[in-house]
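Analysis of the macromolecular model
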Amino acid sequence: MTRLTIRGVVIYQGFLDRAGQETVRDAIGDVLQSAPLFEPVTPRGKKMSVRMSAAGQYGWVTDRKGYRYEPQHPQGQAWPAIPNCLQEVWEQVSGCARPPECCLINHYAAGARMGLHQDRDEADFTCPVVSVSLGDDALFRIGNTTRGGPTQSVWLSSGDVAVMGGDARLIYHGIDRTRAGSSTLLPQGGRINLTMRVVT
Ligand SMILES: O=C(O)CCC(=O)C(=O)O
Ligand SMILES: [Mn+2]
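In what follows, the accompanying structure is described. (Residues numbered from 1 in each chain as written. Chains lettered and ligands numbered in written order. Predicted model: local features only at pLDDT ≥ 70, side-chain atom pairs only at ≥ 80, totals over all residues.)

Restricting attention to buried positions, one finds in helix α2 (residues 84–93) the residues L86, V89, W90 and V93. Down the axis, α2 shows its buried residues gathered within 100 degrees of arc, on one side only. Exposed residues lying more than 90 degrees from the buried face of α2 are N84 and Q92. Summarising the contacts, the buried residues of α2 are in contact with β2 (9–13), α1 (18–34), β6 (102–108), β8 (129–135), β11 (161–164) and β13 (191–197). Looking one or two places after α2, you find G95, whose phi comes out positive at around 65 degrees. (Buried ≥ 20, exposed ≤ 12 C-beta atoms within 10 Å, placed from the backbone. Helix = DSSP H or I, 4+ residues; strand = E, 2+ residues; numbered from the N terminus. Arc of directions from axis to C-beta. Contact = placed C-beta atoms within 7 Å.)

Checked against the element boundaries, P74 lands in the loop between β5 (66–70) and α2. Judged by the 16 C-beta atoms lying within 10 Å of it, P74 is partly exposed. Through-space distance from the C-alpha of P74 to that of V61 is 8.2 Å; in sequence the pair is 13 residues apart. When near neighbours in sequence (up to four residues on either side) are disregarded, P74 contacts F38 and V61.

Attention shifts here to the sheet that holds β8. As summarised here, the arrangement of the seven strands in space is β1-β2-β11-β8-β13-β6-β3, forming an open sheet in which the pairing is antiparallel. The two strands at the open ends of the sheet, each matched to only one other strand, are β1 (2–6) and β3 (51–56). Sheet twist, expressed as the mean angle between neighbouring strand axes with direction ignored, is 20 degrees. Sitting on the sheet, α1 is in contact with β3, β6, β8 and β13, with an inclination near 100 degrees to β8. Running at roughly 130 degrees to β8, α2 makes contact with β2, β6, β8, β11 and β13 of the sheet. (Pairing = 2+ DSSP bridges. Axes fitted to C-alpha atoms, helices over the stretch in contact; angles between N-to-C directions.)

With that settled, consider the site of ligand 1. Among the 13 residues in the neighbourhood of ligand 1, the closest are listed as N106, D119, I175, N193 and T195. When residues of the shell around ligand 1 are traced back to their parent elements, those giving at least two are β6, β8, β9 (137–142), β12 (173–179) and β13. Residues that form the shell around ligand 1 fall into these classes: six nonpolar, six polar and one charged. (Near = placed C-beta within 6 Å. Nonpolar A, V, L, I, M, F, W, Y, C, P; charged D, E, K, R; others polar.)

Moving on to α1. With 17 residues, α1 should reach 24 Å at 1.5 Å per residue; the first-to-last C-alpha distance of 25 Å fits that figure. Taken together, the buried positions of α1 are Q21, V24, I28 and V31. On an axial view of α1, the arc spanned by its buried residues comes to 85 degrees, and they lie on one face. Opposite the packed face of α1, turned more than 90 degrees from it, sit the exposed residues R18, A19, D26, G29, D30 and Q33. As for α1, its buried residues are in contact with β3, α2, β6, β8 and β13. (Expected span 1.5 Å × (residues − 1).)

Pasting the structure below:
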């Protein structure tokens, strides 16, 4: 495992070995059985290119009504619990006494991306956001804590964990592109990113 820090974002490359990645993949497969991926729409009506779901007490959703955390899937059911294997990752890297209340699931098919943004819909910015990557490699762009200015990019691979905390908690970040076919972990290909957050 290699630990590097870019603009305050701590990246653990190879945090999960293949068996660990398979455990998380299978646990998320179970979550998606009861909380299927859906196609989020921005408040301005633009379809996002990732599909989303969540586990935990809250899921982050977006639609014409805005960005927010909701205790239920858009279909009405409560979100499934955050799998233990992911809570363990949180305990190992977050440095946070509070447990995560949301594990947001983003699925990137070939061509999907995510524009530069801050994660700022949570109430307690002393708690970090912990990101786990599975499947295809993704080019992660890290900016600044205010909009604009120079950015730095790093490839995230399957099994990598990134922590945005402390001075980097409100850093702008996004995914420019993925490298289709770069991983064999997900049978249908693509990439899954999991971000654990304390919401309240
Ligand atoms: O896919 C990623 O690595 C980042 C996801 C992200 O920034 C988010 O869900 O807020
Ligand atoms: Mn984010």
